[in-house]
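One-letter residues, chain by chain:
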Amino acid sequence: MGTCNSVSGASDAKGVYEIYDVGNERKADAIDTSSVAVFNDGAMKAALPAAVYARFKDALVTGAPTSEEDQIVIAEAIFHWARGQGATAFAHWFFPMRGGSGACGKMCGACKADTFIDLDWTSAEATKPFQACLPHERLFMGETDGSSFPNGGLRQTHTAAAFTTWDRSSPCYVMDGVLRVPCAFVTHLGACIDDKTPLLRSNDAVNREGLRLLKNIKIGTDAKALNSYLGWEQEFFVIKADLYLQRPDLVNCGRTLIGALPPRNQQAELNYFAPPAESVSKLMNQVRDICMRLGVPMAVLHNEVACAQHEMSPIYCHSTFSCDNNVLFMEILEREAEKLALKALLHEKPFAGINGSGKHNNWSVGTDTGLNLFYPGKTDDARNLFVTAIACLAFGLCQHNELVRCAVAHAGNDHRLGAQEAPPAIISLYPGTGFEAHVDKIIAGGPLLGYMAEKATADPKATATMPAVCGAEDRNRTAPFPFCGNRFEFRAVGSSQNCSFPIAVCNTIMAAGMAHLSGLLEGGMSQRDAVAKMFRENRHVIFTGNGYSAEWPLEAKKRGLPNLHNTPLAIQTFNQPKAKRVFQAMGILSDEECDARAEVMYENYCT
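Residues numbered from 1 in each chain as written. Predicted model: local features only at pLDDT ≥ 70, side-chain atom pairs only at ≥ 80, totals over all residues. Heavy atoms only, no water.

## Looking at the domain arrangement of the chain
Put simply, the rule is: Note: domain ranges come from an automatic or database domain assignment. Two parts placed together each lose some accessible area; with a 1.4 Å probe, that loss summed over both constitutes the buried area. A pairing counts as a salt bridge when a side-chain nitrogen of Lys or Arg comes within 4 Å of a carboxyl oxygen of Asp or Glu. Polar contact is defined as a pair of N or O atoms within 3.5 Å, subject to the rule that within protein one atom must be able to donate a hydrogen and the other to accept it, and that residues adjacent in sequence are counted only when both atoms are side-chain atoms. Put simply, DSSP H or I for four residues or longer makes a helix, DSSP E for two residues or longer makes a strand, and each gets a number counted from the N terminus. Just so you know the grouping, Ala, Val, Leu, Ile, Met, Phe, Trp, Tyr, Cys and Pro go in nonpolar, Asp, Glu, Lys and Arg go in charged, and all remaining residues, Gly too, go in polar.
The assigned domain composition of the chain is domain 1 (41-140 + 163-182) and domain 2 (199-257 + 267-606). Here the C-alpha centroids of domain 1 and domain 2 sit 31 Å apart. Carbon and sulfur atoms make up 57% of the surface buried where domain 1 meets domain 2, a total of about 2100 Å² over both sides. Among the salt bridges present, the one from arginine 335 reaches aspartate 176, with a minimum N-O distance of 2.5 Å. One can count six residue pairs in polar contact (both at pLDDT 80 or more) joining domain 1 with domain 2. Secondary-structure elements contributing two or more residues to the side of domain 1 that touches domain 2 are β11 (172-175) and β12 (178-187). A total of three residues in the side of domain 1 that touches domain 2 trace back to one element, the largest contributor, which is β11. Here the side of domain 1 that touches domain 2 is composed, by residue class, of twelve nonpolar, eight polar and five charged.

Structure follows, in structure tokens:
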């Protein structure tokens, strides 16, 4: 066998690698060209002077504005990098409150392209020549019409100004010759009218309250920042485009309104993990390759349970970048499907009688030093932190149960939740049966330590195989918020949604739980007693049984857990005083922003 020599650097401006195997040249593939079209941390570090790079990274922690001098240097570096990628224009890419209105995936984002040109202002001519450039002020900020986007009354035609500002925590990328700059979107008065801004604010809340809590429990005190992380699992259907166009209901509603199931659909579970059809396999491979070039680490693709249903998922990353990546993925999926005479359906329930589609959000919170709050760990400090963090999460899910339900409330999801394929509309916490027993011991006076998340093995008992290593807890697919070993999976998110707002709500309730615990500790209560008190008062939100059973809604009612089984019931709780208080306290939404978002949710539902 021969050896393989690879060139580790890019061979041209597009970053295509030259790779040879024993003299046989092969074309570069998706792994070779991954991340060449995204201005990520590595590209930024290589392009910027060390001092400018260090100040930019520090600003992500402190929130300090980037100076005009540094803006000029950064804009120049990004301009030259983007031109090397073949870009001729740039666009501020933002995320209006369109979710749940029937908008398909690519409509979750909005942008307009501006060519990389500006007038030469040094010229004395009346008609000044133009030149290629990226003015720094246009990279970092922009202005557009806010009244034509969903805004809940925060903008009117006579008060229409709205502004985009670069989310510096999410990198720019080049696609189709356009440098896209992920942005927040706010009104002339600074009110948010998008899905990204609440997420950014919620990350600030997690960081602030997380550092406060770590200081109070004297664990991980060397951390300078806490971040939220997300890995999403995108489900979708793919059908032939000509058949799609023959169905006015699919075209106009995103789902069928009439029809009959074929005699053989998903009864025998023949589709799940079966090899995809050739055309669909080609589609998913093309989407994966494009996404990887753009820095989206697409790791999984497979057939789902229903006929013509599929799933693709990336490796997790920082929540703001991950949410952006999901909107980008949906856009690429729809576009590439059209090229192959296919149609990708992102509605939650395009066909009655078979499974619908969700977008499981695998969410976690961790420090910049490597501590994961949702990982039991191998040391006493790690286990202490894990138990403490679950107490905070239980508090958030119990005390702000309705908010979590609102995060996934929209017309499409009403057809899916609680349909023996998705979690019920009752929001509960599944930490595992072993941890549930540990909670009861703590409530009864036991120590915080004692839960040993020891992995078991599943032994096939065959000579050719080794025992498989199992997680400490079983998997519960009927739970809306199950523990998955080092994260929690918010399973109720709909397939067409922008992940930003569901994750913003997860961050908000977690920050509220950490703030509440810190208040108890700062008031003089011991950590053990404070955690026990939080578990005792919120014990009823923990449920480890079958969420699909007929008994669970009755039991949930006895426990006092809301069953907001449709979107209007959920939305009416969104801007109630309790919800407004937590949003205000955590710095997520003002009362005015809360009212506006509720109005948009109602409008989207009616639409």
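## Considering helix α18 (residues 577-586)
To be explicit about the condition: Type-normalised accessible area, obtained with a 1.4 Å probe on protein chains alone, sets the label of each residue: buried when under 20%, exposed when over 50%, and partly exposed for intermediate values. Relevant arc is that of directions from the helix axis to the C-beta atoms, nothing else. Contacts are assigned to residue pairs that have any heavy atoms within 4.5 Å of one another.
Within α18, the full set of buried residues consists of Ala579, Lys580, Val582, Phe583 and Met586. On an axial view of α18, the arc spanned by its buried residues comes to 165 degrees, and they lie on one face. Turned more than 90 degrees from where α18 packs its buried face, Arg581 and Ala585 sit exposed. If you follow the buried residues of α18, they end up packed against α5 (196-217), α11 (401-406), α14 (500-522) and α19 (591-606). Two residues or fewer after α18 comes glycine 587, characterised by a positive phi angle close to 75 degrees.

## Quick word on the packing of aromatic side chains
Filter applied, for reference: Each Phe, Tyr or Trp ring (for Trp, its six-membered ring) is paired with any other whose centre lies within 6.5 Å, and the angle between the two planes then decides the class: stacked below 30 degrees, edge-to-face above 60, tilted in between.
Summed over the entire model, instances satisfying the criterion amount to 29 aromatic pairs. Ring centres of tryptophan 232 and phenylalanine 329 lie 5.4 Å apart, and the angle between their planes is 50 degrees; on these two criteria the pair is classed as tilted. With tryptophan 232 in strand β13 (residues 226-240) and phenylalanine 329 in helix α9 (residues 319-339), this residue pair connects regions lying 97 residues apart in the sequence. Tryptophan 232 sits in the buried class, given a relative accessible area of 0%. Classification of phenylalanine 329 by relative accessible area gives buried; the value is 0%. Joined through ring pairs, the aromatic side chains of Trp363, Phe374, Phe386, Phe435, Tyr451, Phe481, Phe483, Phe488, Phe490 and Phe535 make up one cluster.

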